[in-house]
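# Geometric and topological summary
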Amino acid sequence: MSEPKKFGKLVGLAPGTMKKAGPGLLVKQHVHGPDCKHDHDHDHDQGHAHGHDHHHDHDHGHVHGPGCNHDHDHGHHHHHPPKRVRPPGHRAAEGGGAALQLDLDATLPGETDEIGRFEKFESALRENRGITEVHIRRDAGHAEACIHYQADRVTVTQLLEFAQRTGAVVAKRYQHYTWFVRGMDSADAAMVIEHALNRMKGVLSASVAYASERVVIEYDSEEVALSDVEAKVKSLGYGLEVPMAGHACSHHAHGGGLAPKLEMPLVVTSGVLLVTGWLLDKFAPVPALLPTLIWALSMASGGFFAIRGSVQSIAQLRIDIETMMVVAAIGAAVLGAWFEGAFLLFLFSAGHALEHRAMDRARRSIEALGALRPEVARVRRGNEVVEIPVEQVQRGERIVIRPGDRVPLDGIIREGKSSLEEAAITGESIPVPKKPGDSVFSGTINSEAVLEVEVSHLASESVLARVVDMVAQAEAQKGPNQRFAQRLERTVAPLVMAAAVVFPVVLMLLGTPLKEAILRAVSLLVAASPCALAISTPSAVLSAVAAAARGGVLIKGGIYLELLGGVRAIAFDKTGTLTVGRPKVLTTTPASGVSREELLATAAAVESLSAHPLARAVVDAAAEQKIQAPAGKDLEAIHGKGIRAKIGEEPVEVGSLALFEGQTLPAEVTAEVQKLEEAGQTTMVVRRAGRFLGVLGLADTVRGGAQHVIQTLKQAGITRTVMLSGDNARVAKAIAAQVGIDEARAPLMPADKVSAVREMGKQGSVAMVGDGVNDAPALAAAAVGVAMGGAGSDAALETADVVLMSDDLHRLPFALSLANQATAVMKQNLVISLGVSGVLIVAAILGLTQISQAVVLHEGSTLVVVANGLRLLGYRPQALEATKGGAAGVQPATS
């Protein structure tokens, strides 16, 4: 294989365009991989089939819970579990031909999309003969670098070697990093920082999210150092801090930097000076110069941060909201309207201060999620139990959790049984029973007995820590409404400034006096400033995502919030989503002269020798009814048909009709089998010593309340529900009819589910609900992928756009309702901000409003949209308990 002509070309390419900064994107400290020592794709078919295919693929991945490894030394290193590197794949290219797939996170650690660093990787590979295309592929449920090649020109071995070498070079040189930004008091400050960083040599992209106080960069490590970036931001008057896992807010964000300390005191000072000057001007016999000087001081105090921001923007040749406000205030002062100028900057700064505090409230509500983690753990060391900080506890150590204690670290119960309140993780208020072998999450509360837990994850790797990180960064994943507001803001500001220059000239040509013309231009500047527009969507997104997390739903970005709000069709996986995922004996039909106890005891005796899920269901059914099964021996599995064994010396057969093929069966047995199979149940015929004892009917049971959830979704505006199942069509249709699903499609392979979701997507936005493991390709294909059981599944947290942290459907109507409400609030805010500006612009042009009136209405609209957005913080899962009280799971039936 030929080497590239100049590998230097790889590092000399034009900087990539802006890269989105979403959860887990570009974050050097917070790129999480699965912490697993085993494959998650467990097919539990042990070879003891009963005439039916039962694929019970369970996720046994380790679980993450809260905790935060923050010793506050701001070190740049977090200890993460070793990542599971998936082996190279070799599936056909989408359009035909050969293609090699490499695990993207192993090839380019931290990369998630095809912009920036991936472009460098792609460019270098395509310089080699035989490589035709390089892109990211996700149909395997995780991101892969898919390399199309010509098999007659390059071998797989050569391709793999060069791809790995190229990936290593790109990953080493082109890196990404994230910081908290301290001292931002407005969205304009974020724009100043972002603009400055994007113009730095060696910075491929920079994205600053004001609501989540994050700056994320991709950079060329050979052209720019992180210290250069920090120095640049510091020169603008802001501080940077390395984020810690599980923290939504900076440790020093609201006590460092000038803005947090001086913002409100300067606003108060400005207000006092403003009123003092007005009183002196109206009621005291003092020289006119004195009130003017006091108003000038009020302007300097109230406009301190606005003036600083406008100077930075002008230095960057940018026009933003702060620049417009300062120019308007100075224009008023030059014309002698000192009170109006001071009043403008006082109200502008007061609005920003209140807005900043309101956004801080939203951030603190996210931080409160992680504040549940204990700071110390009781660790067993030999015969002693010692208390040590959670960040010092290592994997494999055992911690002791007393009744009433919060669990300090994620782990697996080794000794003890208890119930735990998991509301912090799943939003579920009812305690969950736990026994040895079950997972527990940090932040949950032990309510009954002492537990001894083996630690499975470090503090910074927990589910709760990762949820806090994802929620805090969700605002950077911008939806259509956010992008529209940003584009409009960037377009409006320069246009308004230009209009403010042209407008007075036109007025003077029409005979308007100079002073009046300029004052009306100042009013126009105030009226048209898009302050409310800038904050209208971030406040709503941050509040909604925080409220969702508190309710047990993780929404990974504003874009998914808006997409979920627009969903009108939902596709559901069957096994593990609509159903429990475990078969259960529903029907016991003994033959004439045989008791139910004898039938179940005989079946359980031989099934106890098998590990098949159906066999376990029979054994559990006998145990539940306290039936003592005799001892079985000499098991023989007949693949696809059933089993044979002995009780004493009597032969016993248990299986489908296929097991007795060629033999004569009693008419009542065949009739019962046909009836049960038509009802969607799997059947087992039991024979002992040549005598048919009867028939057992088994089926996966519907989740409690699933029918009520589907009904609630339809009432909420979902017009189409479809079940996608790998089971046989008869069973799928029976389950669909039971829960109220409109349509059932079965049997489907994973690729067929993807095709079905895409076909549904042609008619409108569609959501796919699955378990996050087996359904990963379909989740990725949908407009919104919704995974269940995120608390226990790394795959659910990684692959889905929306995660229901508890392993049930009860949170789905809440998530949909919240998304609809958030979308409505965003639209309301856009209408309010644009409507008020529109009215004020017309009034300013016609001379119907004074500067002071325009200022009050302008700043008032800004506070209204912030308050409207923050309403979402109080959104609760209404009627959730009623939803849970819906149809219960299928109960065992007897006949």
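Residues numbered from 1 in each chain as written. Predicted model: local features only at pLDDT ≥ 70, side-chain atom pairs only at ≥ 80, totals over all residues. Heavy atoms only, no water.

What follows is about the overall build of the protein. Scanning the protein from terminus to terminus reveals 29 helices and 30 strands. Counting only residues that meet the buried cut, the protein has 56% of its 895 residues in that class. Sequence separation of at least 24 residues holds for 73% of the intrachain contacts in the protein that already meet a minimum separation of 6. Surface accessibility of the protein: about 34700 Å² in total, with carbon and sulfur atoms responsible for 57%. (Helix = DSSP H or I, 4+ residues; strand = E, 2+ residues; numbered from the N terminus. Buried < 20%, exposed > 50% of the residue type's maximum accessible area, 1.4 Å probe, protein only. Contact = heavy atoms within 4.5 Å. Areas by Shrake-Rupley, 256 points an atom, 1.4 Å probe, with all protein chains shown as cover.)

Right, let's get into the pattern of salt bridges. Per the stated rule, a full pass over the model turns up 24 salt bridges. Glu222 is the partner of Arg173 in a salt bridge, and the nearest nitrogen-oxygen pair spans 3.1 Å. One end of the pair, Arg173, is in helix H4 (residues 156-173); the other, Glu222, is in the loop between strand E6 (214-220) and helix H6 (226-235), with 49 residues separating them in the sequence. Residue Arg730 pairs with Glu677 through a salt bridge whose shortest N-O separation is 4.0 Å. (Salt bridge = Lys/Arg side-chain N within 4 Å of Asp/Glu carboxyl O.)

This paragraph deals with helix H28 (residues 851-870). End to end, H28 covers 29 Å across 20 residues, agreeing with the expected 28 Å (1.5 Å per residue, within 8%). Residues Ile851, Ala854, Val855, His858, Glu859, Ser861, Thr862, Val865, Val866, Asn868, Gly869 and Leu870 constitute the buried set of H28. (Expected span 1.5 Å × (residues − 1).)

What follows covers the pairing of strand E18 (residues 569-573). Burial of E18 is extensive: five of the five residues sit out of reach of the surface. Residues of E18 alternate between two faces, with Ala569, Ala571 and Asp573 on one and Ile570 and Phe572 on the opposite face, all of them buried. By the bridge criterion, five bridges tie E18 to strand E25 (residues 720-724) in an arrangement that is parallel. Pairing of Ile570 across the sheet is with Thr721, part of E25. (Pairing = 2+ DSSP bridges.)

Formed by 47 residues in total, the largest nonpolar core has its most connected members in Phe572, Leu713 and Leu809. Here this core takes nine residues from helix H27 (residues 812-845), the largest share from any one element. Discounting chain neighbours no more than four positions away, the residues touching Leu713 are Ile570, Phe572, Ile718, Leu812, Pro813 and Leu816. Among the nonpolar cores identified, the runner-up in size contains 36 residues, and Val326, Leu345, Phe346 and Cys531 belong to it. (Core = buried A, V, L, I, M, F, W, Y, C linked by side-chain atoms within 4.5 Å.)

Over its 34 residues, H27 runs 49 Å from end to end, which matches the ideal 50 Å to within 8%, given 1.5 Å per residue. In the segment just after H27, Gly847 is the residue with positive phi, at about 75 degrees.

Attention now goes to a nonpolar patch on the surface. A contiguous nonpolar surface patch, about 410 Å² in accessible area, is contributed by Val275, Trp278, Leu279 and Phe283. The residue Trp278 is located in helix H7 (residues 258-283) in this model. (Patch = residues over 30% accessible without salt bridge, like charges linked within 9 Å, V, L, I, M, F, W, Y side chains within 5 Å.)

A few words now on the pairing of strand E24 (residues 691-702). Across the twelve residues of E24, eleven count as buried, placing the element largely inside the fold. Bridge count for strand E19 (residues 579-590) against E24 is eight bridges, and the pairing is antiparallel. Across the sheet, the residue bridging to Pro583 is Asp700, located in E24. Of the pairings in the sheet, the one linking strand E23 (residues 682-688) to E24 comprises seven bridges and is antiparallel in character. Residue pairing across strands places Arg687 opposite Phe692, the latter belonging to E24. Between E23 and E24, which pair antiparallel in sequence order, lie two residues; one of them, Ala689, sits at a positive phi of approximately 55 degrees.

Before going further, it helps to examine the sheet that holds strand E2 (residues 131-137). Taken in spatial order, the three strands line up as E1-E3-E2 in an open sheet, and their pairing is antiparallel. In the strand order of this sheet, the two ends are held by strand E1 (98-103) and E2, each with one partner. Between one strand and the next, the sheet's axes are offset by a mean angle of 20 degrees, whatever the strand orientation. The sheet contact formed by E1 and strand E3 (residues 144-149) spans six bridges and is antiparallel. In the strand pairing of E3, Asp103 is matched with Glu144. (Axes fitted to C-alpha atoms, helices over the stretch in contact; angles between N-to-C directions.)

Moving on, we get to empty space enclosed by the protein. Throughout the structure, instances matching the rule amount to five cavities of 30 Å³ or more. The space that makes up the second largest cavity amounts to roughly 90 Å³. Along its surface, the second largest cavity is lined by Asp185, Glu263, Leu266, Val267, Ser301, Gly302, Phe305, Ala306, Glu322, Phe348, Ser349 and His352. Among the secondary structure elements, those contributing two or more residues to the lining of the second largest cavity are H7, helix H8 (289-302), helix H9 (304-315) and helix H11 (338-370). Partitioning the lining of the second largest cavity into residue classes produces five nonpolar, four polar and three charged. (1 Å grid on protein atoms, 1.4 Å probe; cavity = no way out; pocket = protein on both sides within 12 Å on 5 of 7 lines; lining within 4 Å. Points joined across faces, edges and corners; volume = space filled by probe spheres on them. Nonpolar A, V, L, I, M, F, W, Y, C, P; charged D, E, K, R; others polar.)

With that settled, consider the sheet that holds strand E26 (residues 743-745). Spatially, seven strands are ordered E17-E29-E28-E27-E18-E25-E26 in an open sheet, and the strand pairing comes out mixed. Each end of this open sheet is capped by a strand with a single partner; those strands are strand E17 (553-555) and E26. Averaged over all pairs of adjacent strands, the angle between their axes in this sheet comes to 20 degrees, without regard to strand direction. As paired strands, E17 and strand E29 (residues 802-804) are joined by three bridges and run antiparallel to one another. Residue Leu554 lies in a different strand from E29, and its bridge partner there is Val803. Sitting on the sheet, helix H24 (residues 750-761) is in contact with E18, E25, E26 and strand E27 (766-770), with an inclination near 170 degrees to E25.

On average, residues of the protein score 78 in pLDDT, and 79% of them reach the 70 mark or higher. In this model, residues 1-84 is a region of pLDDT below 50 whose contacts with residues beyond four sequence positions or in other chains number 291 contacts. This stretch, residues 251-257, has a pLDDT under 50; its non-local contacts, to residues over four places away or in other chains, come to 22 contacts. (pLDDT = per-residue confidence, 0-100.)

Any two aromatic rings considered together are summarised by their centre-to-centre distance and by the angle between their planes. All chains considered together, the criterion is met by eight aromatic pairs. On the numbers, 5.8 Å between centres and 55 degrees between planes, the contact of Phe118 with Phe121 is tilted. On the criterion of helical spacing, the pair formed by Phe118 and Phe121 is a turn pair, its members being three residues apart in helix H3 (residues 117-126). Note on Phe118: relative accessible area 0%, which makes it buried. Note on Phe121: relative accessible area 0%, which makes it buried. A ring pair is formed by Phe814 and Tyr875, whose centres lie 6.1 Å apart and whose planes are at 25 degrees; its orientation type is stacked. Linking Phe814 in helix H27 with Tyr875 in the loop between H28 and helix H29 (880-884), this pair joins segments that are 61 residues apart in sequence. Both residues of the pair, Phe814 and Tyr875, belong to the buried class. Aromatic ring contacts, followed pair by pair, group Trp295, Phe339 and Phe343 into a single cluster. The side chain of Arg308 reaches across the aromatic face of Tyr238, ending 4.9 Å from its centre. (Phe/Tyr/Trp six-rings, centres within 6.5 Å; stacked < 30°, edge-to-face > 60°. Lys NZ or Arg CZ within 6 Å of the ring centre and 35° of its normal.)

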